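Architecture and fold: a report
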Amino acid sequence: AAMRHLPYFCRGEVMKGFGRGSKELGIPTDERANFSEQVVESFPSSISTGTYYGWACVGNGDVHKMVLIIGCNPFYKNIKKSVVRILPYFKDNFYGEILSIVVIGYIRPEKNFSSLEALISAIQEDTVEAKRQLDLPEHLKLKEDNFFHLPEGKTINH
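Residue numbers restart at each chain and count upward from 1, following the sequence in its written direction. Where local features are concerned, this predicted model is filtered to residues with pLDDT of at least 70; where side-chain atom pairs are given and counted, the filter is 80 or more; whole-chain, interface and lining totals use all residues. With hydrogens and water stripped out, all remaining heavy atoms of the structure feed into the side-chain values.

**Points about the confidence of the model for the protein**
The test is simple: Values of pLDDT, ranging from 0 to 100, describe the predictor's confidence in every residue of the model. Where helices and strands are cited, they refer to DSSP runs of H or I of at least four residues and of E of at least two residues respectively, numbered from the N terminus.
For the protein, mean pLDDT is 78; residues scoring 70 or higher make up 72% of the total. Here helix H1 (residues 22–25) stands out as the element of the protein with the lowest mean pLDDT, 55, in contrast to helix H4 (residues 137–143), whose mean of 96 is the highest.

The structure is reproduced here in structure tokens:
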């Protein structure tokens, strides 16, 4: 059911992340971006929590492979939250930029991990799987989609 609305095209402003766990997880904070709640709430309801792969582009920049994590955070009354990890990670801080993504496929459901090691190894496996899937010809062609080419100076209405 998670696949029914895929590929899913979405664009929105990058918000500050949770800043949580970056050092422990070995993921630089700059590699992660969060959409605002409005953007996440507009996802089709069939896009359930879990880990997905696809393409991402910041502003009018290059299109990169990404892992999208949609999770519910009990601290935020279980509002769905998103974290986009861009591979390879960006050195620039891109808060406030417009992030365009296309969600192509589903990797696994959200789950709780018994240890930090298990979580880190799952993140590494997700990354390998995302890269493998995105190298397939049918997924590579979405990298060239016109969706990623914003007309100069065009702003997005939220």
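**Concerning the pattern of salt bridges**
In plain terms, the rule: Think of a salt bridge as a Lys or Arg side-chain nitrogen and an Asp or Glu carboxyl oxygen that are within 4 Å of each other. Per-residue accessibility, obtained with a 1.4 Å probe over protein chains only, is compared with the maximum for each type, and a residue is labelled buried under 20%, exposed over 50%, and partly exposed between these values.
For the structure shown, the criterion picks out 3 salt bridges. When the shortest N-O distance is used, the salt bridge between Asp135 and Lys65 registers 2.7 Å. Of this pair, Asp135 sits in the loop between helix H3 (116–134) and H4 while Lys65 sits in strand S4 (residues 63–73), placing them 70 residues apart in sequence. Under the relative-accessibility criterion, Asp135 is labelled partly exposed at 46%. Arg132 is the salt-bridge partner of Glu129, the closest N and O atoms lying 3.0 Å from each other.

**With respect to the packing of aromatic side chains**
Quick note on the threshold: Centres within 6.5 Å make a pair out of two Phe, Tyr or Trp rings, where for Trp the six-membered ring is used; the pair is then stacked when the planes are under 30 degrees apart, edge-to-face when over 60, and tilted otherwise. Geometrically, a lysine NZ or arginine CZ counts as sitting over a ring once it is within 6 Å of the ring centre and also within 35 degrees of the ring normal.
The full count for this structure, using the stated rule, is 4 aromatic pairs. Counting every residue linked through ring pairs, the aromatic cluster contains Phe9, Phe147 and Phe148. A cation over a ring is seen here: Arg11 above Phe147, with NZ or CZ 4.0 Å from the ring centre.

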